[in-house]
Amino acid sequence: MGMKARKRYDRPSAQAYRDKRWPALRLAAKRRDGWRCVQCSRRGRLEVDHIRAVRDAPELAFEMSNLQTLCGSCHARKTRLEMGFPPPNPERVKWMRLIDGK
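None of the values given here were measured: they were computed from a predicted structure.

Quick question: what am I supposed to make of the overall build of the chain here?
The number of helices and strands found in the chain is 4 helices and 2 strands. Of the regular secondary structure in the chain, the N- to C-terminal order runs α-α-β-β-α-α. Pairs at least 24 apart in sequence give 55% of the contacts found in the chain among residues at least 6 apart. Surface summary for the chain: the accessible area is close to 8,000 Å², and the carbon and sulfur share equals 55%.

Here you go:
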C-alpha cells in the first residue's frame, strides 16, 4: 500500500513518444522551425505537435511534414479545438496576452 501507482498514458501518441526515433525527430522539427512557434513566433518552452493526430493517422507519426513546433499556449488552443471545446473568450485571451507581455 506504500507505493503509488504510476500514471499510465495510453494515448495513441504515447507509443510514438517512447520510440527511440522521437528525440532526434523532435529536435529536427524545432531546428527546421527556427526554434519558434509556427503560429505566434514565440520562443521558450516549445512543443512538437502532430498536425494530424497520431490517433487519426498513425502512419504519419514519424513524418517531418506532419510535425510543427508550437508554444504551450498555441498547442493548448489547438488541442482544445480538436477535443471539441469552444475557443477561449476573446477578453480572456486579451488578458492572458497582457500578462505574458505579448
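In this structure, what is going on with the pattern of salt bridges? I would like to understand it.
Should their charged atoms come close, side chains of opposite charge can pair. Summed over the entire model, instances satisfying the criterion amount to 6 salt bridges. A salt bridge links Asp-49 to Lys-78, with the shortest nitrogen-to-oxygen separation between them at 3.0 Å. Separated by 29 residues along the polypeptide, Asp-49 in strand β1 (residues 46-50) and Lys-78 in helix α3 (residues 72-82) bring together distant segments of the chain. With a relative accessible area of 14%, Lys-78 lands in the buried category. One salt bridge in this structure joins Lys-94 and Glu-91, with 3.5 Å as the shortest N-O distance. In this pair, Lys-94 and Glu-91 are both assigned in helix α4 (residues 90-100), 3 residues apart and thus about one turn of the helix distant. A single burial state applies to Lys-94 and to Glu-91, both of which are exposed. Salt bridges sharing common partners tie together Asp-49, Lys-78 and Glu-82.

Calculation criteria
- Residues numbered from 1 in each chain as written.
- Predicted model: local features only at pLDDT ≥ 70, side-chain atom pairs only at ≥ 80, totals over all residues.
- Heavy atoms only, no water.
- Helix = DSSP H or I, 4+ residues; strand = E, 2+ residues; numbered from the N terminus.
- Contact = heavy atoms within 4.5 Å.
- Areas by Shrake-Rupley, 256 points an atom, 1.4 Å probe, with all protein chains shown as cover.
- Salt bridge = Lys/Arg side-chain N within 4 Å of Asp/Glu carboxyl O.
- Buried < 20%, exposed > 50% of the residue type's maximum accessible area, 1.4 Å probe, protein only.

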